[in-house]
Amino acid sequence: MFQEKATANCLNIVKTSTEDGAFQKKGHSARVLSPEEAERLAKDQVLVSEFKQLKLEKEAQKNWDLFYKRNSTNFFKDRHWTTREFQELKACHEFADQKLTILEAGCGVGNCLFPLLEEDLNIFAYACDFSPRAVEYVKKNALYSTERCKVFQCDLTKDDLLDNIPADSVDVVTLIFVLSAIHPDKMHLVLRNIYKVLKPGKCVLFRDYGLYDHAMLRFKSGSKLGENFYVRQDGTRSYFFTEEWFLNEKFLASMHASLGRRIESSYLSFSRLRDMSKWSMNMCSEKL
Ligand SMILES: C[S@@+](CC[C@H](N)C(=O)[O-])C[C@H]1O[C@@H](n2cnc3c(N)ncnc32)[C@H](O)[C@@H]1O
């Protein structure tokens, strides 16, 4: 069962400009497994059949929409930690009362969006999700106002964000527990899409499951789709990130193909969050 409520072994990315346009890397270490956990994971090698995997990919949107049909707005807790954990959000304000435009990509029912709008009256937020039900819940929220936000339905892997957001207009993009729900082969498409609307040198704040999260260890055999990638009983999927993942050749090559430029020296910045089971990652790059 989907247990993100109870656990969060997380990873954050911030993308900002650096002199050499590179990613920055600091240190990080994954949660240490007990011998029993290590043995259990090592034994769990059987993958879900290719046929079922293709079906899950095809039905990803339907499965998330059904998730919101079952849970309505009651599943995720409001995320009041965003400004605390992402100091970069504050740093984006170059002067007091500066208006910021943000994009909450994969907003769900707004558990991150609305606390942010409440905390910072100088934010205008675009928000999107590929579940039509989630988008409707956002619109029905008492805090939703078209003066302060625009929510729309969109599959981040294929619908052009430029249809709803002007190019180079967003100061901060948040990706909170969203990339993990997307097939690893398509994650670069999401980043490419986001890139088009991001102002040069601005940030992508990313937070997601990290390797060996308790949620990963709870998957029963028969749920494994690939390395660090699992399916829940309701058909929604979850990837568990390592810092190395963003540096693997396949991902870098896809980013190259997407952005039209080779990322020469790449480095990511990781740091443990207050809670030892959480971790964060900063990904820095100038706009290509
Ligand atoms: C774990 S929920 C997180 C929701 C929200 N960010 C939050 O913090 O509460 C993952 C969200 O990603 C959305 N999602 C998954 N794949 C997507 C895609 N390809 N395009 C847009 N949204 C997607 C799902 O519909 C779901 O609302």
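Read on for an overview of the structure. (Residues numbered from 1 in each chain as written. Predicted model: local features only at pLDDT ≥ 70, side-chain atom pairs only at ≥ 80, totals over all residues. Heavy atoms only, no water.)

### Focus: the overall build of the chain
Now for step 1: A tally of helices and strands in the chain yields 10 helices and 11 strands.
Now for step 2: Counting the 288 residues in the chain, one finds 57% classified as buried.
Now for step 3: Across the chain, contacts joining residues at least 24 apart in sequence account for 77% of those joining residues at least 6 apart.
Now for step 4: Carbon and sulfur atoms make up 52% of the accessible area of the chain, which amounts to about 13,300 Å² in all. (Helix = DSSP H or I, 4+ residues; strand = E, 2+ residues; numbered from the N terminus. Buried < 20%, exposed > 50% of the residue type's maximum accessible area, 1.4 Å probe, protein only. Contact = heavy atoms within 4.5 Å. Areas by Shrake-Rupley, 256 points an atom, 1.4 Å probe, with all protein chains shown as cover.)

### A short note on the pattern of salt bridges
Think of it this way: side chains of opposite charge can pair up when their charged atoms draw near.
Now for step 1: Under the counting rule described, the total for this entry stands at 11 salt bridges.
Now for step 2: We note a salt bridge from Asp 65 to Arg 133, for which the minimum N-O separation is 2.9 Å. Taken together, the residues span a long stretch of sequence, with Asp 65 in helix α3 (residues 60–71) and Arg 133 in helix α7 (residues 132–140) at a distance of 68 residues.
Now for step 3: For Asp 160, the salt bridge goes to Lys 196, with nearest N and O atoms at 3.2 Å. Of this pair, Asp 160 sits in the loop between β4 (149–153) and β5 (170–176) while Lys 196 sits in helix α8 (residues 187–197), and the two are 36 residues apart along the sequence.
Now for step 4: Connected through shared salt-bridge partners, Lys 55, Glu 59 and Lys 62 make up one network. (Salt bridge = Lys/Arg side-chain N within 4 Å of Asp/Glu carboxyl O.)

### Side note on α3
Now for step 1: Here α3 spans 17 Å end to end across 12 residues, near enough to the 16 Å set by a 1.5 Å rise per residue.
Now for step 2: Among all positions of α3, only Ala 60, Asn 63, Trp 64, Asp 65, Phe 67, Tyr 68 and Asn 71 are buried.
Now for step 3: Residues of α3 that are buried in the fold lie against α2 (50–58), α7 and β9 (237–239).
Now for step 4: Following α3 by one or two positions, Ser 72 adopts a phi angle in the positive range, close to 40 degrees. (Expected span 1.5 Å × (residues − 1).)

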